[in-house]
Amino acid sequence: MKMLKTVACGACLLVLGSAMFAQTERSVEDDYLSNIQDVIITEMANSQDYDNKQVALQYLEESVRSGKVSQEQRVALQNLAGEGIVTRVRTNGRLVNNFPDIRAKACDLLGEIGSPEAQETLLTIAQEDSEPMVVSSAVRSLAKIGSDGNDQVVETIQFIQRKYSALNPTSSLAYEILDAYEKLAPTAPDRNSLIQSISEIASNYRFATPVRLKALNLIRSLQASNTGNN
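Being a predicted model, the structure only gives us computed values, none of them experimental.

Engineer: Kindly report on the overall build of the protein chain, identifying the contributing residues and their values.
Structural biologist: Of the regular secondary structure elements, the protein chain holds ten helices and two strands. Ordered by position from N to C terminus, the α and β elements of the protein chain give α-α-α-β-β-α-α-α-α-α-α-α. Buried residues in the protein chain amount to 40% of all 230 residues. Taking the contacts inside the protein chain whose residues are at least 6 apart along the sequence as the reference set, 64% of them involve residues at least 24 apart.

Engineer: Just give me the short version of the environment of P100, but keep the residues and values in it.
Structural biologist: Looking at the element boundaries, P100 is found in helix α4 (residues 100-113). Classification of P100 as buried rests on a relative accessible area of 17%. Separated by 34 residues in sequence, P100 and V134 place their C-alpha atoms 6.2 Å apart.

Engineer: Before we move on, could you go through helix α6 (residues 132-145) and cite the residues and values that matter?
Structural biologist: The terminal C-alpha atoms of α6, which comprises 14 residues, lie 20 Å apart, in line with the 20 Å expected from a rise of 1.5 Å per residue. Most of α6 sits out of view: eleven of its 14 residues are buried. Listed in full, the buried residues belonging to α6 are P132, V134, V135, S136, S137, A138, V139, S141, L142, A143 and I145. If you follow the buried residues of α6, they end up packed against α4, α5 (116-128), α7 (151-167) and α8 (171-184). G146, located one to two residues past α6, shows a positive phi value of around 90°.

Engineer: Please provide a residue-by-residue account of the environment of M44, values included.
Structural biologist: Its location among the elements puts M44 in helix α1 (residues 2-46). Separated by eleven residues in sequence, M44 and V55 place their C-alpha atoms 7.4 Å apart. Setting aside anything within four residues of it in sequence, one finds M44 in contact with N52, K53, V55, A56 and Y59.

Engineer: Describe the confidence of the model for the protein chain, listing the residues and the values that go with them.
Structural biologist: For the protein chain, the mean per-residue pLDDT works out to 83, and 81% of the residues sit at or above 70. Mean pLDDT across the elements of the protein chain ranges from a minimum in α1, with 54, to a maximum in α8, with 96. pLDDT under 50 marks residues 1-26. Its contacts with residues more than four places away, or in other chains, come to zero contacts.

Engineer: Account for the packing of α7 against α8, naming residues and giving values.
Structural biologist: Between α7 and α8, the least distance of the axes is 11 Å, while the angle of their chain directions is 155°. The angle between α7 and α8 falls in the class roughly antiparallel. As α7 packs across α8, the resulting crossing turns out to be left-handed. Listed contacts from α8 to V153, V154, I157, Q158, I160, Q161 and Y164 of α7 are L173, I177, A180, Y181 and L184.

Engineer: I'd love a proper account of the packing of aromatic side chains, names of residues and values included.
Structural biologist: The tally for this structure, following the rule as stated, stands at one aromatic pair. The interplanar angle of 65° and the centroid separation of 5.2 Å between the aromatic rings of Y50 and F99 together place this pair among those described as edge-to-face. Linking Y50 in helix α2 (residues 50-66) with F99 in the loop between β2 (94-95) and α4, this pair joins segments that are 49 residues apart in sequence. The ring of Y175 has K214 sitting right over it, with the charged end atom 4.9 Å from the ring centre.

Engineer: Mind laying out the packing of α6 against α8, listing which residues take part and the relevant values?
Structural biologist: Their axes nearest at 9 Å, the elements α6 and α8 cross at an angle of 10°. Between α6 and α8, the angle is such that the two are roughly parallel. Note on element contacts: α8 touches α6 through S172, L173, E176, I177, A180, K183 and L184, opposite P132, V135, S136, V139, R140 and A143.

Engineer: Lay out α2 in plain terms, naming residues and giving numbers.
Structural biologist: Compared with the 24 Å implied by 1.5 Å per residue over 17 residues, the 25 Å span of α2 between its first and last C-alpha is a close match. If you check which residues of α2 are buried, you get K53, A56, L57, L60, S63 and V64. Considered in projection along α2, the buried side chains sweep an arc of 120° and stay on one side of the axis. Looking at α2, the residues exposed on the side facing more than 90 degrees away from the buried face are E62 and R65. Where α2 begins, the capping side chain belongs to D49, and its oxygen is found 3.1 Å from the backbone nitrogen of D51. Following α2 by one or two positions, G67 has its phi on the positive side, about 75°.

Calculation notes
- Residues numbered from 1 in each chain as written.
- Predicted model: local features only at pLDDT ≥ 70, side-chain atom pairs only at ≥ 80, totals over all residues.
- Heavy atoms only, no water.
- Helix = DSSP H or I, 4+ residues; strand = E, 2+ residues; numbered from the N terminus.
- Buried < 20%, exposed > 50% of the residue type's maximum accessible area, 1.4 Å probe, protein only.
- Contact = heavy atoms within 4.5 Å.
- Expected span 1.5 Å × (residues − 1).
- pLDDT = per-residue confidence, 0-100.
- Axes fitted to C-alpha atoms, helices over the stretch in contact; angles between N-to-C directions.
- Parallel < 35°, antiparallel > 145°, perpendicular 65-115°, else oblique.
- Left-handed = near helix turned anticlockwise from the far one by under 90°.
- Phe/Tyr/Trp six-rings, centres within 6.5 Å; stacked < 30°, edge-to-face > 60°.
- Lys NZ or Arg CZ within 6 Å of the ring centre and 35° of its normal.
- Arc of directions from axis to C-beta.
- Polar contact = N/O pair within 3.5 Å; in protein donor to acceptor, adjacent residues only side chain to side chain.

Below you can see the structure in the form of C-alpha cells.
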C-alpha cells in the first residue's frame, strides 16, 4: 500500500510538472508571437506607404477593442496620430505623409485607450493640426477621456473654438466642441468662460442652424445648473 501511494504521488508530480512546463512553453510562445506582432505593426505604422498604415490601424483597432494594447502599440498609435504634423517627411520639398484620415482614426483610438500619454498626444494634435476632421476626432477623444481637473483640456478646446470660428468656421467641428463642453462642464473650473465660448458659437451665423440651436440649449442648461447650485 505504501508503495502504491509513493507511485501515485510520483505520477501526480509528473503530471503537474508537465502541465507547468506546457503552460510555461505556451507563455513563451505567446510572448514571442506578441513581440513579432508588435514589430510588424510598428514597421507598417512607420512605413511611408499609405496602405501599410491603414493595415497597421486595423491591427491596432483590434488590440484596442480587446483591451490588449502593448506599449509598442501605444507608441505606434501616437505616431500615427501625429503623421504629417509632428513627423513630417518631404520629397523635393513636398510633404508626402499628410494623411488626415489616418490621423483622425488614430485620435479616435487614443480616446479609447485614455492614458495620460494618449491625452498629451491629443492635446498636441488638437492645437497643431489644421484639418477640421482631425481636430474633431481629437476633441471628441479628449472629451471621452475627461479633464480630471486638468484645466488644459478645456482651455485647449476653447482655443480651438476661437481659432476656427475666426479662420475656418466648420459646423461639424463646432458640434463636436459643444458635445465636449457638455461632457466636461461638470468638472470645468470656470463655467463662465465655457458659457462665453458656447455663446460665440450660438451667435455665429456661419454655423449651421442645428449647431447654433444646440449651443443655445446648452447655454440654458448650464445657466439653469448654475442657478440651482447657488
